[in-house]
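Spelled out, the chains give:
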Amino acid sequence: MEHEPIVLDTTGADIQGESARIRARGPVAVVELPGGVPAWSATDAAVLKSLLADPRVSKDPRQHWTSFINGEITEAWPLLPWVAVDNMFTAYGADHRRLRKLVSPAFTHRRTAALRPRIEEITENLLNALAATLPGESVDLRAGFAYPVPIQVITEMMGVPEHLGASLHKCVDGFFDTSFTPEQAQANYLEMYRLISELVAYRRETPGDDVTSVLIATRDEDGSQLVEKELVDTLMLVINAGHETTVNLLDQAIVALLTHPEQRADVVEGRVPWSDVVEETLRYEAPVAHLPLRYAVDDIDVGDIRIPKGDAILASYAGAGRDPKLHGPTADQFDVHRTNKDHLSFGHGAHHCIGAPLARLEATIALPALFARFPGLRLAVDPSELQPVGSFVSNGHRQLPVFLGE
C-alpha cells in the first residue's frame, strides 16, 4: 500500500512523535521537506549507519541529486544553504577526502585538549553571572548558559573579532530556523557569507593561533589550498555545527536530569559518570534531529524497499536514537544506567563530525560545574510548557526557565 509522504513540521513541534510515525512506515520512508521536496527518511539505526558509510550515498547534489541537477531546486528553496555550499559537508569521494585533510589540522586532539582551561574559565564566568540572580527570580538557562558556552568557545577558536561576533551569532540562529520563509533564509545566508568573508579578510591581515588562520595557511601535499569559496563555506560549516549541536546537547541534558531526580542524584553523587549523561542525552534527544541531505548514487535496496538513484536521503538521527530494535522497549526513556547508549548523533563513516571531541569536552566540563554550583536547580515551569525551537533540524528549546536555588 502506497502512503502519502509525511510532511515534516518545519516548526519541530513534536520531533519525537513525528519520528515515531516515520519509523512506523518502515526502516526508510518518504517524507516531504519544505517546498514539497521529497526525501527518504532513515530512522532505523542499523540501516542509517549502513547508509552513512555506503559509498553509494553522496552528499554532493551537483553530481547526484536528480532534482538539483534538473533545476527543480532553486534559490527560493529555504534549505538551499544546507546543500549548495562548497565544503566537506557537501563533498563526495576524493573531493571530500581532500577537504577533510585540509581542515583536520584545525581539530587535532592536541588543539582540542588545549581548550580545556579556557572552557573551564568561560563556564566559571557564566556561573558567576548566574549567581547574581535575585532570590526567587527565574533565569533562562539556554540563553544564559547552554548558548554562551559553545558560542564563546567556537568564536574564540575561530578567531572571530569582537566587532563581528553579535551579527554572526544572529546568523547562526537563523541558519537552523527551518520556519524561515525562502526570502528570510536567503537573506540570512548572504549576510552570514558576508560576515565570514570579512572574518577571512581580517585574519589574513592579522593572523593568529586560531582555526581561521590555520585554514588560510594550510596547504595540501601538492601545494593546493582551500579556494576562497571553499574556505568561507568551510568556516560557515564549522561555526554552525560547532555551536548549535552543543547548545542543544547542554539544553537537553539539563532538562533530562531535572526531570529524572533519581538519576540526577546518581550522577551528582558520583555513582554515574558525566560522560554517561552526555552519551545518553545524545541518544535520547539527538541535538540535530534530521540532517539534510544525502543522495543515492545508484539504486539502493533496503529490504524490500528501493531508494532510486538520484533520490534525496534524510539522516534522521532523532528517530534512530530511539530505535526499539537497538534499544528495546525502553528506547523512549532517558536512562543513564542503560548499558547500550549507542547513537549516531555525530554521524558515521567519512562524514563523522570532526568536532565531536570538542562537543563532548564542553559538555563534560559545563554540566558538572552547573549542577555543583546550583544544587537546588529546578525547572521554573512544567516540562510540558517548554517550547521547541522553530526547526525540524535543530532539537532544543526556545527557553529553559529555571530557579537556581530552593
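Keep in mind that what you see is a predicted model, and the values were worked out from it rather than measured.

**Q** Outline the overall build of the chain, listing residues and values.
**A** The helix and strand tally for the chain stands at 19 helices and 11 strands. For 406 residues, the compact-globule formula gives about 22 Å, and the C-alpha radius of gyration of the chain, at 21 Å, lands near that figure. Projected onto its principal axes, the C-alpha positions of the chain cover 60 × 60 × 35 Å. The contacts in the chain between residues at least 6 apart in sequence include a share of 73% that link residues at least 24 apart. When the accessible surface of the chain is summed, it comes to about 17,000 Å², and 53% of that surface belongs to carbon and sulfur atoms. Charge centroids of the chain, computed over 36 positive and 56 negative side chains, lie 4 Å from each other.

**Q** How would you sum up helix H19 (residues 356-373)? Please name residues and give values.
**A** Look at H19: 26 Å from first C-alpha to last across 18 residues, which is about the 26 Å you get at 1.5 Å a residue. Ala356, Leu358, Ala359, Leu361, Glu362, Ala363, Ile365, Ala366, Leu367, Leu370 and Phe371 are the residues of H19 that are buried.

**Q** Any details on the pairing of strand E3 (residues 37-42)? Residues and values, ideally.
**A** Taking burial as the measure, the six residues of E3 include five buried ones, the bulk of the element. Alignment of strand E2 (residues 28-33) against E3, held across six bridges, turns out to be antiparallel. When the sheet's bridge partners are listed, Val28 is paired in E3 with Ala42. Between E2 and E3, which follow one another and run antiparallel, lie three residues, and Gly35 among them has a positive phi close to 80°.

**Q** Outline the environment of Leu8, supporting the account with residue identities and numerical values.
**A** Secondary-structure assignment places Leu8 in the loop between strand E1 (6-7) and helix H1 (15-23). On the basis of relative accessibility, which here comes to 4%, the residue Leu8 falls in the buried class. Discounting chain neighbours no more than four positions away, the residues touching Leu8 are Glu18, Ile22, Val31, Glu32, Leu33, His290, Leu314 and Phe392.

What counts, and where the lines are drawn
- Think of each chain on its own: its residues are numbered from 1, step by step along the sequence as written.
- A pLDDT threshold of at least 70 governs which residues receive local features in this predicted model, and a stricter bar of 80 or more applies before side-chain atom pairs are shown or counted, although totals over entire chains, interfaces and linings include all residues.
- Side-chain figures throughout are based on the complete set of non-hydrogen atoms in the structure, without hydrogens or water.
- Each helix corresponds to a stretch of at least 4 residues labelled H or I by DSSP, and each strand to a stretch of at least 2 residues labelled E; elements are numbered beginning at the N terminus.
- In this setup the radius of gyration rests on C-alpha atoms only. A globule is expected at 2.2 Å times the number of residues raised to 0.38.
- Residue contacts follow a heavy-atom distance rule, with two residues in contact if any of their heavy atoms lie within 4.5 Å.
- Method for areas: the Shrake-Rupley scheme with a 1.4 Å probe, in which residue coverage is limited to the protein chains shown.
- Just so you know, the count uses Lys and Arg for positive and Asp and Glu for negative, and it drops His and the chain ends.
- Lys charges are placed at NZ, Arg charges at CZ, Asp charges at CG and Glu charges at CD.
- The span expected for a helix works out to 1.5 Å for each residue beyond the first.
- Burial status follows relative accessibility: with a 1.4 Å probe on protein chains alone, a residue under 20% of its type maximum counts as buried, one over 50% as exposed, and anything between as partly exposed.
- In this description, strands pair whenever DSSP reports at least two bridges between them.

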